[in-house]
Amino acid sequence: MRKKIVAGNWKMNLNLQEGLALAKELNNALKADKPNCDVVICTPFIHLASVENVLDKSLIGLGAENCADKEKGAYTGEVSAEMVKSTGAQYVILGHSERRQYYGETPEILKEKVLLALKNGLKVIFCIGETLEERESNRQNPVCKAQLEGSVFNLSATEFANIIIAYEPIWAIGTGKTATSEQAEEMHAFIRSTVAEKFGKDVAENTSILYGGSCKASNAPELFAKPNIDGGLIGGAALKCEDFKGIIDAWKK
Ligand code: PEP
């Protein structure tokens, strides 16, 4: 059966000391009150090795927020999938709308990143989602399908088993506007049927599909109660232990 997952995306927040303090606080909180789901925190590159040292890996997984589309070499400032893996991280977020929008990440670039991440034994949290304009013109289904086709439908079914999909409507990210649980469920069901068409029903049933976009402790229980929503990718509410734990605890309701 597919996994229930709550993953945090710290983005470009928290310096090293602040990040370490949050990781320790979360680790202690989950040690005292064990989660009912997989928990992952995705941090800036420079935090990874230090945060890895303070996490109980049976409770919290660790991921990066990006990796390079090249294996190694003269790419100043880039961080390879192999480097991410060498910190002890097990996950990487790829295809986040902020990377697509602000850093020009195309489906082709993302396809390379996904292949390198998988080659290096990382699980990929692959983000897809439509803009407000696309939603208003009812194009969310073809847009999300094209994002999958462009970067992860080239994989074999075995490789695809290491992909976690995060549906993140761009209009809901950091805006305080959450998709309704019905809107989210409708998209998640569509995404699962698209995966089933490509890889078969078994693969689709085993794929975790997370919702992201202004998810908080107050709306997580309703979202997570939907049959095709397997958890959340959390931005703003992952930056405080209490807020993030509140979302993790939604799986206990
Ligand atoms: C995100 O960027 O992945 C995200 C879901 O952000 P927020 O929770 O802040 O909307």
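- As annotated in an unreviewed UniProt entry, the chain carries the name Triosephosphate isomerase and is attributed to Hoylesella saccharolytica F0055.
- Under the UniProt heading Subcellular location (unreviewed entry), the note attached to the chain is "Cytoplasm".

## Topic: the side chain of Glu-65
So, point 1. Within the fold, Glu-65 resides in the loop between β3 (60-64) and α3 (81-86).
So, point 2. One buried charged residue, Glu-65, remains without a salt bridge, the closest side chain of opposite sign being Arg-99 at 7.4 Å.
So, point 3. Of the polar contacts made by the side chain of Glu-65, one reaches the backbone nitrogen of Lys-11; its length is 3.0 Å.
So, point 4. Not counting chain neighbours up to four residues away, the residues in contact with Glu-65 comprise Asn-9, Trp-10, Lys-11, Met-12, Cys-42, Thr-43, Pro-44 and Ile-93.

## Overview of the pattern of salt bridges
So, point 1. For the structure on display, the rule yields 17 salt bridges.
So, point 2. Note that Arg-2 and Glu-205 form a salt bridge whose closest N and O atoms lie 3.0 Å from each other. Residue Arg-2 is located in the segment before β1 (5-9), and its partner Glu-205 is located in helix α10 (residues 201-206); the two are separated by 203 residues in the primary sequence.
So, point 3. For Glu-52, the salt bridge is made with Lys-57, and the minimal N-O distance between the two is 2.6 Å.
So, point 4. Looking at Glu-52, the relative accessible area reads 17%, which means it is buried.

## Things to note about the nonpolar core
So, point 1. Within the largest apolar cluster, 68 residues are counted, with the highest numbers of intra-cluster contacts made by Ile-41, Phe-126, Phe-160, Ile-163 and Phe-224.
So, point 2. Residues in contact with Phe-224, not counting those within four places in the same chain, are Val-6, Cys-215, Ile-229, Gly-231, Gly-232, Ile-247, Ala-250 and Trp-251.
So, point 3. Counting 12 residues, the second largest nonpolar core, distinct from the first, contains Val-40, Tyr-91, Cys-127 and Ile-164.

## Some thoughts on unusual backbone geometry
So, point 1. Of note, Lys-11 is a non-glycine position whose phi angle comes to about 55°, a positive value.
So, point 2. As for its placement among the helices and strands, Lys-11 is situated in the loop between β1 and α1 (16-32).

## Let's talk about the site of the ligand
So, point 1. Inspection of the region around the ligand gives 14 residues, with Lys-11, His-96, Glu-168, Gly-174 and Ser-214 positioned closest.
So, point 2. At 2.7 Å from an oxygen atom of the ligand is found a side-chain nitrogen or oxygen belonging to Glu-168.
So, point 3. When the free accessible area of the ligand is taken as 290 Å², the share hidden by the protein chains comes to 95%.
So, point 4. Its residues assigned to classes, the shell around the ligand comprises four nonpolar, eight polar and two charged.

## Section: the pairing of β1
So, point 1. Most of β1 is tucked away, with five of its five residues classed as buried.
So, point 2. The side-chain alternation of β1 yields two buried faces, one formed by Ile-5, Ala-7 and Asn-9 and the other by Val-6 and Gly-8.
So, point 3. Pairing geometry for β1 and strand β2 (residues 38-43), over five bridges, is parallel. Across the sheet, residue Ile-5 finds its bridge partner in β2, namely Asp-38.
So, point 4. A crossover connection joins β1 to the parallel β2 through α1; in handedness this β-α-β unit is right-handed.
So, point 5. Relative to strand β8 (residues 231-234), β1 is paired through four bridges, and the arrangement is parallel.

## Things to note about the packing of helix α7 (residues 140-151) against helix α9 (residues 181-199)
So, point 1. One way to put it is that α7 packs onto α9 with a least axis distance of 10 Å and a crossing angle of 45°. Classified by the angle their axes make, α7 and α9 are oblique. α7 and α9 meet at a crossing whose hand is right-handed. In this structure, α7 uses Gln-140, Asn-141, Cys-144, Lys-145 and Leu-148 to contact α9, whose residues at the interface are Met-187, Phe-190, Ile-191, Thr-194 and Glu-197.
So, point 2. Its residues assigned to classes, the contact of α7 with α9 shows five nonpolar, three polar and two charged.

## Let's talk about the packing of aromatic side chains
So, point 1. Evaluation of the coordinates by the stated rule reveals five aromatic pairs.
So, point 2. With a centroid separation of 4.4 Å and 25° between ring planes, the pair formed by Phe-160 and Phe-199 is classed as stacked. In this pair, Phe-160 is assigned in helix α8 (residues 157-160) and Phe-199 in helix α9, connecting sequence segments 39 residues apart. Both residues of the pair, Phe-160 and Phe-199, belong to the buried class.
So, point 3. Every member of this aromatic cluster is reached through a ring pair, and the members are Phe-153, Phe-160 and Phe-199.
So, point 4. The ring of Tyr-103 is capped by Arg-99, whose NZ or CZ atom sits 4.2 Å from the centre of that ring.
So, point 5. Sitting over the face of the ring of Phe-199, Lys-198 holds its NZ or CZ atom 5.9 Å from the ring centroid.

Calculation notes
Residues numbered from 1 in each chain as written. Predicted model: local features only at pLDDT ≥ 70, side-chain atom pairs only at ≥ 80, totals over all residues. Heavy atoms only, no water. UniProt positions renumbered as here; feature names shortened; annotations may be inferred. Helix = DSSP H or I, 4+ residues; strand = E, 2+ residues; numbered from the N terminus. Buried < 20%, exposed > 50% of the residue type's maximum accessible area, 1.4 Å probe, protein only. Lys, Arg positive; Asp, Glu negative; His and termini not counted. Salt bridge = Lys/Arg side-chain N within 4 Å of Asp/Glu carboxyl O. Polar contact = N/O pair within 3.5 Å; in protein donor to acceptor, adjacent residues only side chain to side chain. Contact = heavy atoms within 4.5 Å. Core = buried A, V, L, I, M, F, W, Y, C linked by side-chain atoms within 4.5 Å. Near = heavy atom within 4 Å. Areas by Shrake-Rupley, 256 points an atom, 1.4 Å probe, with all protein chains shown as cover. Nonpolar A, V, L, I, M, F, W, Y, C, P; charged D, E, K, R; others polar. Pairing = 2+ DSSP bridges. Right-handed = clockwise from strand over helix to strand, strands pointing away. Axes fitted to C-alpha atoms, helices over the stretch in contact; angles between N-to-C directions. Parallel < 35°, antiparallel > 145°, perpendicular 65-115°, else oblique. Left-handed = near helix turned anticlockwise from the far one by under 90°. Phe/Tyr/Trp six-rings, centres within 6.5 Å; stacked < 30°, edge-to-face > 60°. Lys NZ or Arg CZ within 6 Å of the ring centre and 35° of its normal.

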